[in-house]
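# Residue-level structural notes
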Amino acid sequence: SEERENLTYSLFGEAIRELAQKVADDGYEPDIILSIARGGLFVAGGLGYALDVKNLHVMNVEFYTGVGETLDLPVMLPPVPNVVDLSRKKVLIADDVADTGKTLKLVQDFCAEHVAEARSAVIYEKSQSLVKCDYVWKRTDQWINFPWSVEPPVVRREGQVLDA
Ligand code: 5GP
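All of these numbers come straight from a predicted model, not from anything done at the bench.

Moving on to the site of the ligand. Around the ligand lies a shell of 14 residues, among which Asp99, Thr100, Thr103, Lys126 and Ile144 are the nearest. At a separation of 3.1 Å, an oxygen atom of the ligand approaches a polar side-chain atom of Asp96. Burial of the ligand by the protein amounts to 81% of the accessible area it has alone, namely 500 Å². Counting atoms within 2 Å of the grid points, the majority share of the ligand lands in the largest pocket.

Pasting the structure below:
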């Protein structure tokens, strides 16, 4: 379908409060929020304030396309979170969307070896996702336009002079 799910910054503000409310209503009190960069950074920052959690960590995960491979597999990029910081902690994994769910699966498997408990919160979950997230704001099967990535990177303009 050509239809898109459009998340604006304004709607994101509402979504993150409602997502946090689901976590709070469930009685889950994470020690750490683990964001999956880059999209998950926005979600983790918002949840951090809404849930009053100051301990935020980052994992960098990217899809690696093997030469001649048709399958995309996500890989962890350095720096990998310090596992000592995570040990015996209750973790809330935060990301923008679970689509295939492969990214979240990788992070969940990493956490399973190192933390006391890990749950996951996403703004969107698609029906094909192999990971069923604990907290989901909205389900969709459309392509999502996120406010932080819908526009291309800015480019330097010629002749722009900074104020003194
Ligand atoms: P996965 O397929 O592993 O669940 O998703 C990996 C990543 O692909 C997501 O974190 C997100 O950055 C990107 N992605 C997946 N589906 C969408 C989508 O519908 N819209 C956008 N903008 N990115 C997506």
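So much for the structure itself; the text now carries on.
Right, let's talk about helix 2 (residues 39-50) for a bit. Across its 12 residues, helix 2 extends 18 Å between first and last C-alpha, which sits within 8% of the 16 Å expected from 1.5 Å per residue. Taken together, the buried positions of helix 2 are Gly39, Gly40, Val43, Ala44, Gly46, Leu47 and Gly48. One or two residues past the end of helix 2 sits Asp52, with phi positive at roughly 60 degrees.

As judged from the 8 bridges shared by strand 5 (residues 90-98) and strand 6 (residues 117-125), these two strands associate in the parallel manner. Note that in strand 6 the partner of Ala94 across the bridge is Ala121. In this sheet, strand 7 (residues 135-139) lies alongside strand 6 in parallel orientation, the contact comprising 4 bridges. Looking at strand 7, one finds that Ala121 is bridged to Tyr135.

About the thresholds
- Residues numbered from 1 in each chain as written.
- Predicted model: local features only at pLDDT ≥ 70, side-chain atom pairs only at ≥ 80, totals over all residues.
- Heavy atoms only, no water.
- Near = heavy atom within 4 Å.
- Polar contact = N/O pair within 3.5 Å; in protein donor to acceptor, adjacent residues only side chain to side chain.
- Areas by Shrake-Rupley, 256 points an atom, 1.4 Å probe, with all protein chains shown as cover.
- 1 Å grid on protein atoms, 1.4 Å probe; cavity = no way out; pocket = protein on both sides within 12 Å on 5 of 7 lines; lining within 4 Å.
- Sits in = over half its atoms within 2 Å of the grid points.
- Helix = DSSP H or I, 4+ residues; strand = E, 2+ residues; numbered from the N terminus.
- Expected span 1.5 Å × (residues − 1).
- Buried < 20%, exposed > 50% of the residue type's maximum accessible area, 1.4 Å probe, protein only.
- Pairing = 2+ DSSP bridges.

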